[in-house]
Amino acid sequence: MDESKKRVPHLPWMRNPVDIDLFDERPLSLLPHLDRRLEVALRKMNIESLFPVQVAVWQETIGPGAFERDICVNSPTGSGKTLSYALPIVQALASRKIRCLRALVVLPTRDLALQVKEVFDAIAPAVGLRVGSAVGQTSIADEISELIQRPNLEIHATLDPEYIQMEPRTSVDILVATPGRLMDHINMTKGFSLEHLRYLVVDETDRLLREAYQSWLPTVIQLTCSTDQEMLSHETVDPAFLGSLITVRRSGVERGFKGKRYPRLVKMILSATLTQDPSKISQLDLHHPLLLTSGNKRYRLPELLVSYKLICNSKLKPLYLVALLQELKGEKCIVFTSSVESTHRLSTLLKFLGELPFQFSEYSRLQRQSVRSKTLKAFREGKLEVLIATDAMTRGMDVEGIRNVINYDMPPYVKTYIHRAGRTARAGQSGRCFTLLRKHEVKRFDSMLKKADDNSCTLHSLPADSIESLLPIYSSALEKLKEFVESEARRKSSIGFKSAKGNKRKRTTHKVE
Ligand SMILES: Nc1ncnc2c1ncn2[C@@H]1O[C@H](COP(=O)(O)OP(=O)(O)OP(=O)(O)O)[C@@H](O)[C@H]1O
């Protein structure tokens, strides 16, 4: 057995997880306590039953677990983690009386946050909840007007200000945010408060913990802890006296959480590759955490994913890619490269190869958000068949109908392989992942796949003539690429990108691989 499979987690609570594999998909009609209005909303989304991870989390939240413990979910890509937290949170808040910010969901990128907001938007309005976003898609002023409700002074003109709520306050129940914009609102937006927060979701946890993003996590933890402290300091005061806006938290004493009279903030963390590093996990200040994981392996690929490797002549690697894309005959594909520069060079080179039988586009953080959003829309709608992308931009991306993932550059880590491959074979569908390898990379790749519990990666070869037929235009395309990169570097340096100048010149000497 592979060593990585036997490794015992350092954290004791991670050693006896709830096994998600023991849960079956469950029809909505058999889900205990599901609000009828939510059932209708789910059916409108064409959801007739809950996936195993969703049933398992339901059990620990709305079911007998009753949100008593913080929830940590480690479940494969595309297994339905978003709805696994969105549904219980919306159901739990369905009976709230007064609108204020009670659930905060944090995601690493804007596109991902908007994707998750869509899921909340599909169910929350059914029970009268409002969902907002703080992702920097619009100006901060527009975001503030969406999130903050200001008192209407004209309506209250004749009333004594002492008796009316004059302070601005949040006008959403659930907020989906990226860390940067969240911090902007925490620091600057009048009326933005986490005082009543009951649920904090950290999706794509391992990625969010890796990057500090202006210390958003310690700030959120501190702000929500101080609420607990503040409330505890009112121990002699009847909670009712604290006003209807104060969330009356469920007592947590039954599991021995001494000294906590008020329900704490519930945290839910999720990933397909959840970290087991105690120092990282400790940043979350988890309360009696419960791990839910699929099977007894650390990493898991989607069940219906098939992996292939292609051994390439490294000088002709772009042609192998083109030949493979031609073979895939316009099926939706994502091609992963190792960096934004490499993504840019590869897509530029493909443009110089003349008419290709597929529509493709670059998708990376080098581009403006508006360009990226347009590209993603076209890809979703099937107007583009191939997206050339980097890891950072596509984590968690859920696009229907992606049949293939192509690793143009070998992923550096098994976690990277899992997140890239997981853009296909989602929600029980089948999919393929191809990895282009130079001869010397094969051994390292094979041992990496074993960690992902995939021993079934087969060799895929392309007919020699499919590459040979591209050779005549290849050298002229390379020439054009060289000129293009040089002129781009000159243009950038002339508009003041002095630091970029050196890098770009260096880049022109790189081979296109
Ligand atoms: N119960 C369900 N029935 C049918 N489809 C579902 C159900 N739950 C989720 N889905 C669909 O499954 C797909 C994957 O869901 P989701 O994006 O939540 O996966 P994930 O586990 O978060 O993946 P990743 O780790 O890549 O972020 C989505 O298209 C979603 O609409």
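These figures come from a predicted structure and were not determined experimentally.

Caption draft 1: Summary view of the overall build of the chain. Within the chain, the secondary structure is distributed over 19 helices and 19 strands. The long-range fraction of contacts in the chain, counting pairs at least 24 apart against all pairs at least 6 apart in sequence, stands at 79%.

Caption draft 2: Seen up close, the packing of helix H3 (residues 52-61) against helix H4 (residues 81-93). At a closest axis distance of 8 Å, the pairing of H3 and H4 adopts a crossing angle of 30°. Between H3 and H4, the angle is such that the two are roughly parallel. When you trace H3 past H4, the crossing you get is right-handed. Seen from H3, the contacting residues are Val53, Gln54, Val57, Trp58 and Thr61; seen from H4, they are Lys81, Leu83, Ser84, Tyr85, Leu87 and Pro88. Partitioning the contact of H3 with H4 into residue classes produces seven nonpolar, three polar and one charged.

Caption draft 3: Up close: the sheet that holds strand S18 (residues 431-437). Ordered by their spatial adjacency, seven strands build an open sheet running S15-S16-S14-S17-S18-S13-S19, and the pairing between neighbours is parallel. This sheet does not close on itself; its edge strands, each paired only once, are strand S15 (360-363) and strand S19 (458-459). In this structure, strand S13 (residues 305-311) lies alongside S18, joined through seven bridges in parallel fashion. Note on S18: the bridge partner recorded for leucine 310 is leucine 436. Contacting S13, strand S14 (333-336), strand S17 (404-407) and S18, helix H15 (residues 414-421) crosses the sheet at an angle of about 145° to S17.

Caption draft 4: Quick peek at the site of the ligand. Around the ligand, the structure places 17 residues, and the nearest of them are Thr77, Gly80, Lys81, Thr82 and Ala427. Examining the composition of the shell around the ligand, we find that three residues originate from one element, H4, more than from any other. Among the residues forming the shell around the ligand, the class breakdown is six nonpolar, eight polar and three charged. When we break the shell around the ligand down by domain, the ones giving at least three residues each are domain 1 (3-98 + 110-131 + 200-293) and domain 2 (305-488).

Caption draft 5: Focus on the sheet that holds strand S12 (residues 290-293). Taken in spatial order, the eight strands make up an open sheet running S1-S12-S4-S11-S10-S5-S9-S6, and their pairing is parallel. On the outer flanks of this sheet lie strand S1 (18-19) and strand S6 (131-134), each paired with one strand and no other. Note: strand S4 (residues 71-74) against S12, four bridges, orientation parallel. Within S12, the position partnered with cysteine 72 by the bridge is leucine 291. Seen against the sheet, H3 touches S1, S4 and S12 and runs at an angle of roughly 170° to S4. Together, S4, strand S5 (103-106), strand S10 (199-203) and strand S11 (266-271) form the strand contacts of H4, whose direction differs from that of S11 by roughly 165°.

Caption draft 6: Structural detail: the domain arrangement of the chain. Domain boundaries in the chain define domain 1 (3-98 + 110-131 + 200-293) and domain 2 (305-488). Facing 13 residues of domain 1, the contacting portion of domain 2 comprises 14 residues. Per element, the largest residue contribution to the side of domain 1 that touches domain 2 is four residues, and it comes from helix H5 (residues 110-123). When its residues are assigned to classes, the side of domain 1 that touches domain 2 shows three nonpolar, six polar and four charged.

Caption draft 7: Spatial organisation of the nonpolar core. If you look at the biggest cluster of nonpolar residues, it comprises 65 residues, and the most contacted ones within it are Ala86, Leu104, Val106, Phe120, Val176 and Ala177. Apart from residues no more than four positions distant in its own chain, alanine 177 is found in contact with Leu104, Val106, Ala113, Ser133, Ala134, Val135 and Leu182. Residues Tyr299, Val386, Cys433 and Ala477 belong to the second largest nonpolar core, which totals 49 residues.

Caption draft 8: View of the pairing of S10. The buried count for S10 comes to five of five residues, which makes it a mostly enclosed element. Residues of S10 alternate between two faces, with Tyr199, Val201 and Asp203 on one and Leu200 and Val202 on the opposite face, all of them buried. Examined bridge by bridge, S5 and S10 share four bridges and lie parallel to one another. Across the sheet, valine 106 pairs through a bridge with valine 202, a residue of S10. Note: S10 against S11, five bridges, orientation parallel. Opposite valine 201, over in S11, you have methionine 268 as the bridge partner.

Caption draft 9: Seen up close, H15. By the criterion of burial, H15 is predominantly enclosed, with seven of the eight residues buried. Turning to H15, its buried residues are Val414, Lys415, Tyr417, Ile418, His419, Arg420 and Ala421. On its buried face, H15 sits against S13, S14, helix H14 (391-394), S17, S18 and helix H16 (442-451).

Caption draft 10: A look at the environment of lysine 97. Tracing the chain through its elements places lysine 97 in the loop between H4 and S5. Spatially, the C-alpha atoms of lysine 97 and serine 342 are 52 Å apart, while their sequence positions differ by 245 residues.

Caption draft 11: Region of the structure containing the packing of H4 against H5. Taken N-terminus to C-terminus, the directions of H4 and H5 make an angle of 40°; their axes are 10 Å apart at the nearest point. Relative to H5, the element H4 is oriented oblique. The hand of the H4/H5 crossing is right-handed. When H4 is examined against H5, the residues Thr82, Leu83, Ala86, Leu87 and Val90 are found in contact with a partner set consisting of Val116, Val119, Phe120 and Ile123. Split into classes, the residues belonging to the contact of H4 with H5 amount to eight nonpolar, one polar and no charged.

Caption draft 12: Structural detail: the environment of serine 339. The residue serine 339 is located in the loop between S14 and helix H12 (340-352) in this model. C-alpha separation for the pair serine 339 and serine 456, spaced 117 residues apart in sequence, amounts to 28 Å.

Caption draft 13: The arrangement of the confidence of the model for the chain in detail. In the predicted model, the chain carries a mean pLDDT of 86, and the fraction of residues at 70 or more is 85%. Predicted confidence for residues 227-261 stays below pLDDT 50, and this span has 31 contacts to residues more than four positions away or in other chains. Here residues 505-513 scores under 50 on pLDDT; set against residues more than four positions off or in separate chains, the count is 14 contacts. Reported confidences for the modelled complex are a pTM of 0.86 and an ipTM of 0.99.

Parameters and conventions
Residues numbered from 1 in each chain as written. Predicted model: local features only at pLDDT ≥ 70, side-chain atom pairs only at ≥ 80, totals over all residues. Helix = DSSP H or I, 4+ residues; strand = E, 2+ residues; numbered from the N terminus. Contact = placed C-beta atoms within 7 Å. Axes fitted to C-alpha atoms, helices over the stretch in contact; angles between N-to-C directions. Parallel < 35°, antiparallel > 145°, perpendicular 65-115°, else oblique. Left-handed = near helix turned anticlockwise from the far one by under 90°. Nonpolar A, V, L, I, M, F, W, Y, C, P; charged D, E, K, R; others polar. Pairing = 2+ DSSP bridges. Near = placed C-beta within 6 Å. Domains from an automatic or database assignment. Core = buried A, V, L, I, M, F, W, Y, C linked by C-beta atoms within 7 Å. Buried ≥ 20, exposed ≤ 12 C-beta atoms within 10 Å, placed from the backbone. pLDDT = per-residue confidence, 0-100.

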